[in-house]
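# Coordinates in review
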Amino acid sequence: MNVSEIVENLTQQGVQLWADDGKLKINSPKGLLTPELRTELAERKTEILSFLQTSNGTTSNRSARKTQDLSLQTIGRLIGGYCRKVTGFIPPVIEPKVMAQKLKVTFKPLPNGYKEDTILQFREQLEAKLRDNEVQILPWEEATKEFNYEITIPFINWKKNITTRVVKASVNALFYVEKSPSLLDRVKIFVVEIFYRIYSVMILKNRQISASKIMQLISWSEENIQPLEDPTNTQAIALTQLNQKFIDPKIPYQQKIPIGINTLIKTFSEIVIGISSTKISILNMNLSDSVFPVESIDEFVRKSLIPKIYVPIQPLPLSRFEVGEYEPQMSIYAKQLVRLGQELTSTNLLPSGFKFNDAIKRKSHRDIVDWMANGRTGVSYGFVAYAEPPQYIGVVEISESEWESLFSIEGFSPDELRQNEIGRRYIKTRIGEKHVFKQLPDIWLISSRSGSNKTNLNIETDVLRIGLQDRLLLELPKGIDPVVGDIKPSYDIYVMVAIALGAALYAPELIKNGMPMVHFHGYPSIQWFKDNNEYCTGVHNPSVPCGTYESGVFNFLGIYNLANKYGSNISLASLIEPDHGTNIIASDLEYLISRIKTGVEQGQIELGGKHFPSLKVGIGELKAPSGN
């Protein structure tokens, strides 16, 4: 392996290498540098230093370069609150090619007698395209292992040994074709569901068991339940016939929500790929109605499917936060947030969502979802949030000579982040043609809780306060017990804090008096934007799901790119998340409400993907032309 390959490989894994006054500096996640690797780095130190100095510390791979002058590892750690420790941190990856190289997937053998020719043909094409993108495809026997377990039938004490094959935890995705159950299958499902209910009461005493255990108990009775060793790491992806109603642009998005939910429940998969002779759709819990022509299968695989496999939708557990409490009635921003939601009621951009118990009828399925949703009782679509003004201690911006006198921070490159004698952190970043040295402020924002009705928020129970310092903080309304109450933070926390931090660093006028944010599962048309410092970015990003470092990184870089292209005087920005939705932010609450309402009234903002094609016109960031 040559030197450039060594550096690129390590950088992709989150290791930072840089030259500092003729010395090789290394910052690595804990446990990544093995003794053998350390020895190789020591032996090839001179070569590596020469390479870094020649290439200005970067490699030819775009994912390995310092993205937008800050490394992805630094951006990820800042927005993820991983500054005190590195344990559990996985550096973000934003290049689909690099994502693909890290993936392992498998295809489940076809059911006996399966004859859906369109799906069979697509299955072959999909496997070939995944290989072309360097995804590792494991044979079924290699991707699975035999699993034996014993069940005891209550009352008669009859014991039964069951043998099945489970997909190994190291596999990222399992592809299978949906099979409609036969009459015999339906009888088996009915019997197993009765057995599971009795087993839960008599044997488990209503104790919660893992999703993988439940899947192993019931999977032998139905084709669409896939036994997975670790359902949080391995996504089940169903290939099925395209639901024409779900992609019909004439059907309002609100009517598509139950169609999408029922499709996910019926297939019991994280991702459903709908296939016809001319079109491909992709559906996950974001409920995007995205559709691709079959001729665009390359784009579909590279920019939509691979990112969704690499970063599955997962909620942040409360353990990621330092938890405290606050009094929302005393917060002007909490009151503004409640009003923001109420004002958007007439737009219908924030549908109420659903409760798992209402949508999922089978207890076994509800218990699987409950375990994977980390105690959440349902989901809703979109969020409203309100960033408070950034909090600084001391000078906001310093000179280069003052920067040179600051102290390094363990785990960070001293060319990116340093701190002063009282622990305030300063970042070196580029704005326009020059480097600036800015203090990282404490970020606080008010957010609707996960699953709440965003247009009718109860200020005493639905409004959380999120903080980002060198760690993530969560303040619950005073008197709320998180163990008893359904009060979990939004899936989109990384996006919220990334937007607020990006605005504080690169567009301070946008957030200096507070900044309202609205996220909905749809898009504005390009005609909606006024030629009045209103901008759009992110249209061509890979479609990573919500709740990931990657989604936060893309939004952070979106603000960076807008500020560097158009200047920091931004009155409104639309940060696009393909196959997901839009984040709209503004410096003024009244202006934001007025612009969104006007857009909906004029048919220029809608839920669903109707307006997304208009945003794809052009390359990179878009600014609405005057007069459109």
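Structure's up top.
The sections below set out a description of the structure shown in this document. (Residues numbered from 1 in each chain as written. Predicted model: local features only at pLDDT ≥ 70, side-chain atom pairs only at ≥ 80, totals over all residues. Heavy atoms only, no water.)

## Quick word on the side chain of E475
- With respect to the helices, strands and loops of the structure, E475 is situated in strand β23 (residues 472-477).
- Look at E475 and you get buried, because its relative accessible area is 17%.
- The contacts of E475, once residues within four sequence positions are left out, are G324, E325, Y326, W444, L464 and R465. (Helix = DSSP H or I, 4+ residues; strand = E, 2+ residues; numbered from the N terminus. Buried < 20%, exposed > 50% of the residue type's maximum accessible area, 1.4 Å probe, protein only. Contact = heavy atoms within 4.5 Å.)

## Considerations on the environment of G538
- Following the sequence through the fold, G538 ends up in the loop between β26 (534-537) and α19 (549-566).
- On the accessibility criterion, G538 (9% relative accessible area) is buried.
- Discounting residues that sit within four places of it in the chain, G538 has contacts with I576 and P578.

## Quick notes on the pattern of salt bridges
- Tallied over the entire structure, the rule returns 26 salt bridges.
- K597 is the partner of E343 in a salt bridge, and the nearest nitrogen-oxygen pair spans 2.8 Å. Of this pair, E343 sits in helix α13 (residues 332-343) while K597 sits in helix α20 (residues 589-601), and the two are 254 residues apart along the sequence.
- By relative accessible area, E343 is classed as partly exposed at 24%.
- On the accessibility criterion, K597 (23% relative accessible area) is partly exposed. (Salt bridge = Lys/Arg side-chain N within 4 Å of Asp/Glu carboxyl O.)

## Quick word on the sheet that holds strand β18 (residues 417-419)
- One open sheet holds the five strands; their spatial order is β16-β20-β19-β18-β17, and the pairing between them is antiparallel. Only two strands of the sheet have a single neighbouring strand rather than two, namely β16 (397-398) and β17 (407-408).
- Sheet strands touched by helix α17 (residues 493-506): β19 (425-431) and β20 (434-439). Its angle to β19, the strand with the most contacts, is close to 70 degrees. (Pairing = 2+ DSSP bridges. Axes fitted to C-alpha atoms, helices over the stretch in contact; angles between N-to-C directions.)

## With respect to the packing of helix α4 (residues 72-80) against α19
- In the contact formed by α4 and α19, the axes pass within 10 Å of each other and the chain directions differ by 105 degrees. Taken together, the axes of α4 and α19 lie roughly perpendicular to each other. Of α19, the residues touching α4 (which contributes L72, I75, G76, I79 and G80) are Y549, G552, V553, F556 and L557.
- Class assignment for the residues of the contact of α4 with α19 results in seven nonpolar, three polar and no charged. (Parallel < 35°, antiparallel > 145°, perpendicular 65-115°, else oblique. Nonpolar A, V, L, I, M, F, W, Y, C, P; charged D, E, K, R; others polar.)

## What about the packing of aromatic side chains?
- Enumeration according to the criterion identifies 12 aromatic pairs in this entry.
- When the centroid spacing of 4.8 Å and the interplanar angle of 15 degrees are considered together, the rings of F107 and F175 count as stacked. You can see F107 sitting in strand β3 (residues 104-107) and its partner F175 sitting in strand β7 (residues 173-177), a full 68 residues away along the chain.
- Ring-pair connections join several aromatic residues into one group, and the members of that group are Y82, Y494 and Y549.
- The residue whose ring lies beneath R77 is F412, and the NZ or CZ to ring-centre distance is 4.1 Å.
- Sitting above the plane of the Y82 ring, R320 keeps its charged end 4.0 Å from the centroid. (Phe/Tyr/Trp six-rings, centres within 6.5 Å; stacked < 30°, edge-to-face > 60°. Lys NZ or Arg CZ within 6 Å of the ring centre and 35° of its normal.)

## Regarding the sheet that holds β3
- The strand order β4-β3-β7-β8-β9-β10-β11 describes an open sheet built from seven strands, whose pairing is mixed. Two strands bound the open sheet, and with one partner strand each, they are β4 (136-138) and β11 (291-293). Taking the axes of each pair of neighbouring strands and ignoring which way they run, one obtains an average angle of 25 degrees across the sheet.
- Docked against the sheet, helix α6 (residues 117-132) engages β3, β4, β7, β8 (235-241), β9 (271-275) and β10 (279-283), running at close to 140 degrees with respect to β8.

## Description of helix α11 (residues 253-267)
- Along its 15 residues, α11 runs 21 Å from first to last C-alpha, staying within 8% of the 21 Å computed at 1.5 Å per residue.
- Taken as a whole, α11 has its buried residues at Y253, K256, I257, G260, I261, T263, L264 and T267. In a view along the axis of α11, the buried residues occupy a sector of 160 degrees, so they form one face of it.
- Two residues or fewer after α11 comes F268, characterised by a positive phi angle close to 50 degrees. (Expected span 1.5 Å × (residues − 1). Arc of directions from axis to C-beta.)

## Side note on the pairing of β7
- Counting buried residues in β7 gives five out of five residues, a clear majority hidden from the surface.
- Because side chains alternate across β7, one face comprises the buried residues A173, F175 and V177, and the other comprises L174 and Y176, equally buried.
- Here β3 pairs with β7 via three bridges, running parallel. Counterpart to F107 in the pairing with β7 is F175.
- Looking at chain direction, β7 and β8 are connected through five bridges and run parallel. If you follow Y176 over to β8, its bridge partner there is A238.

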